[in-house]
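Working through the structure, step by step
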Amino acid sequence: MLRQYELVERVLEYDPDADEAALNRAYVYTVQKHGSQKRASGDPYFSHPVEVAGLMTDLQLDQETIMTALLHDTVEDTLATIEDIEANFGPEVARLVDGVTKLSKIEAMPENERAAENLRKFLLAMSEDIRVSLVKLADRLHNMRTLHFIKKPEKRQRIARETMDIYAPLAERVGMYEYMREMQLLAFEQLEPEAFKTISDRLAELRGQDGGQVDAIALAVKQALAEAGLTVEVSGREKHPYSIWRKMAERHVSFEQVTDIMAFRVICEDEADCYRAMGILHTTWQFLPGRFKDYISTPKNNGYRSLHTSLMYENSMRVEVQIRTRDMHQRNEFGLAAHWAYKQEDSADGAVGWLRDLIEIVDASHDAEELLEHTRMAIYQDRIFAFTPKGALFQLPIGATPVDFAFAVHTDLGAATLGAKINGRHMPLRTQLNNGDVVDIIKGQNAEPELSWLGFVVTGKARAAIRRAVRLKEHAEVAEIGRKLFDEIADRVPAKIGKKAIQGALDRLEMGDEEDLMFAIGAAKIEDREVMEALVPGCTANFDEDADWTKRERAISIRGLTPGVGFQLATCCHPVPGDRIVGLRKPHEGVEVHAIDCLELANGVDYDWLDLSWGKRSQGALGRLRVTLYDKPGTLSEATGIFGHNLANVKTLEHVQHDPPFSSYEMDLEVQDLAHLTRILSALRASDAVAQAERI
Ligand code: MN
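Throughout what follows, the structure given in this document is the object of discussion. Fair warning: this is a prediction, and the values are worked out from it, not measured in the lab. (Residues numbered from 1 in each chain as written. Predicted model: local features only at pLDDT ≥ 70, side-chain atom pairs only at ≥ 80, totals over all residues. Heavy atoms only, no water.)

1. Concerning the nonpolar core
If you look at the biggest cluster of nonpolar residues, it comprises 52 residues, and the most contacted ones within it are M56, L71, I85, F89, L137 and Y179. Elements with a minimum of two residues in this core: α1 (4-14), α2 (20-34), α3 (47-58), α4 (63-71), α6 (82-107), α8 (130-145), α9 (153-173) and α10 (177-191). If one sorts the elements of this core by residue count, α6 sits on top with 9 residues. With 29 residues, the next largest nonpolar core counts M262, C268, Y313 and M328 among its residues. (Core = buried A, V, L, I, M, F, W, Y, C linked by side-chain atoms within 4.5 Å. Buried < 20%, exposed > 50% of the residue type's maximum accessible area, 1.4 Å probe, protein only. Helix = DSSP H or I, 4+ residues; strand = E, 2+ residues; numbered from the N terminus.)

Next comes the structure, spelled out in structure tokens:
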């Protein structure tokens, strides 16, 4: 661990004007506040903030950043408050520490709450001040370096995955490639221990066979350039196991087939030399067309500048070469940090501007291809990335469908979804998306979310939006039915019902507005008699209790039959009074009465068809329903409660399907007539217990 005077000396080396006393105070403060707290390694806790501060001095950051690094865990993990920090170290350091603390809080949220919205929040917090994100990245890097001390494998996995998913890409985005590489390597070792070991072993083996290959090639490159009169520095390195593994995964090749395991860096004196060097290398060795990139004339978003090319060395070995000036190199490796350190010459706004750009990239990438480069790996086992036709990127859980995608883009788009094209082809909405799919959502003019989508969507956002939309729609439909029923009820009271009477009824029933009343009637939450009483108090004094149809005999009569001919209601379609009906005359069996849209009628073409209708006072028949309930306690009793409340007797009940989170039942229900059955259906659909209810 860095000692107090070592840390202060490091800062003074690059910033002689730094406030030594303030740095000392911050060091002592963190040691005191963390007191006897311990790291998983057994080290005193304060060794961690001190190491993070040390990392910050490597980047030659200003004294406020160093102090923030020292204090970064005091508010989150000790009794210190932001007010304490401000009182002791001033408002600027307090603001920075507050920024880092906010990030830690988002980090600590449960996984499912930490998804997209939080990533966005996280990045926004990062962009408040570039120094906040630099401290956070160093914090994570040090935590990764000490990850192996953590005992619980699940915790190690979670931290490693988070590093791979968020911090390493972020380090890359801000151009801190050294941080990125180390984070990836450490996370990879944790997430894919076997692959890590195999590749490391193979690399060691290779090194043993042709030891010095890296040096030999570096020398050859340097000589070729020297002969042309260029003074350059050349360094070479093996790629690390993670980047080799990524190439294997991306190209679906084996270790032997990954040929470019070495990378070389050529540092030139000026920009013109960079292009000259590349020309010479391209004529000395064969180069791979399509692999050449000019980031000098077109820098990456994070400011990275370099030429990249791939050469065939001695016709068999593919090597990558990066060519740049020393100045570019410095900035490339330090990235945003360098940008900040150089703020005297550059405008500091640029740095924050980059991070804001980054939020946009994550949100809806303009640079999607590049972002995806890191996402095609098997390591992202639980999520996929899909694009809009314009290239905006969306992260979804595995199993997500175009409907999930549409809702991820925008709730309105999800609601208006009619169909989808995946990679240019029309595909069913329940199709599971694959990584990299381009999804084009086809919008309908009056399209509405379908309840059945709940059977295949996987995102909470889609699920919630569909339920909300369906509820709204059902509410309107039920109220519409209620309105018709209300007109009938109003006819039965001995007074003319106008606006005033309705308002009076609403007051008596303590209901907000007409819509509420109509919904209550439609959903059978209120009895006819109560409505009549509310409209004209006292009018039901002589109400006929026998109006309860279940107390009367079932009476079905059919018009259109020859008197004396027997009939039965078909058991396939269960027609109820109110349905349009047709009769099949079957020899020796009498007449079978079907609903006009019964599919079984297709088998009855050989019989005589009779045009029938219901007799005047017909009532009482079996309606057949299929009801899909949410599979949780109490839903079935709530559904049967609705039947009871509506005076409908359940004759048979069969559990037909269990498909979590749903459970489906089929039942025969004794109902008065079609209107009665429709009311029951409405009441079911209005219930929270019911996912779907339909006649079958
Ligand atoms: Mn920390």
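From this point, the narrative continues.
2. Focus on the pairing of strand β18 (residues 649-659)
Sheet analysis places β18 next to strand β19 (residues 662-671), joined by 9 bridges and oriented antiparallel. Each residue of the ladder has a partner; that of E654, found in β19, is E666. As consecutive antiparallel partners, β18 and β19 are separated by 2 residues. (Pairing = 2+ DSSP bridges.)

3. A closer look at the sheet that holds strand β10 (residues 425-427)
Whether parallel or antiparallel, the strands of a sheet pair through hydrogen bonds between backbone atoms. The strand order across the open sheet formed by 3 strands is β10-β9-β11, and the pairing between neighbours is antiparallel. Looking at strand neighbours, the two that pair on one side only are β10 and β11 (439-443), the edges of this open sheet. Along the sheet, successive strands turn relative to each other by an average axial angle of 40 degrees, direction set aside. In terms of strand pairing, strand β9 (residues 417-422) meets β11 through 5 bridges, oriented antiparallel. Considered in β11, the bridge of K421 is made with D440. (Axes fitted to C-alpha atoms, helices over the stretch in contact; angles between N-to-C directions.)

4. Digging into the pattern of salt bridges
A complete count under the given rule lists 23 salt bridges for this structure. Across the pair E162 and R140 runs a salt bridge, and its minimum N-O distance is 2.6 Å. A residue pair is termed long-range when its members are at least 10 positions apart, and E162 in helix α9 and R140 in helix α8 qualify at 22 residues. R140 shares its class with E162; the two are buried. Residues E514 and K499 are paired through a salt bridge, measuring 3.3 Å at the closest nitrogen-oxygen approach. Separated by 15 residues along the polypeptide, E514 in helix α23 (residues 514-522) and K499 in helix α22 (residues 499-509) bring together distant segments of the chain. Residue classification places E514 among the partly exposed residues on the basis of a relative accessible area of 23%. If you follow the salt bridges from partner to partner, you end up with R624, R626, E666 and D668 in one network. (Salt bridge = Lys/Arg side-chain N within 4 Å of Asp/Glu carboxyl O.)

5. Description of the packing of aromatic side chains
Aromatic ring pairs are defined here through the distance separating the ring centres and the angle between the ring planes. Scanning the entire structure with this criterion turns up 9 aromatic pairs. Residues F188 and W245 carry aromatic rings whose centres are separated by 5.1 Å and whose planes lie at 40 degrees to one another, so their mutual orientation is tilted. One end of the pair, F188, is in helix α10; the other, W245, is in helix α13 (residues 241-251), with 57 residues separating them in the sequence. Just as F188 is buried, W245 falls in that class too. One aromatic cluster is present, formed by F188, F196, Y242 and W245 through successive ring pairs. Cation over ring: R39 sits above Y45, and NZ or CZ is 5.6 Å from the ring centre. (Phe/Tyr/Trp six-rings, centres within 6.5 Å; stacked < 30°, edge-to-face > 60°. Lys NZ or Arg CZ within 6 Å of the ring centre and 35° of its normal.)

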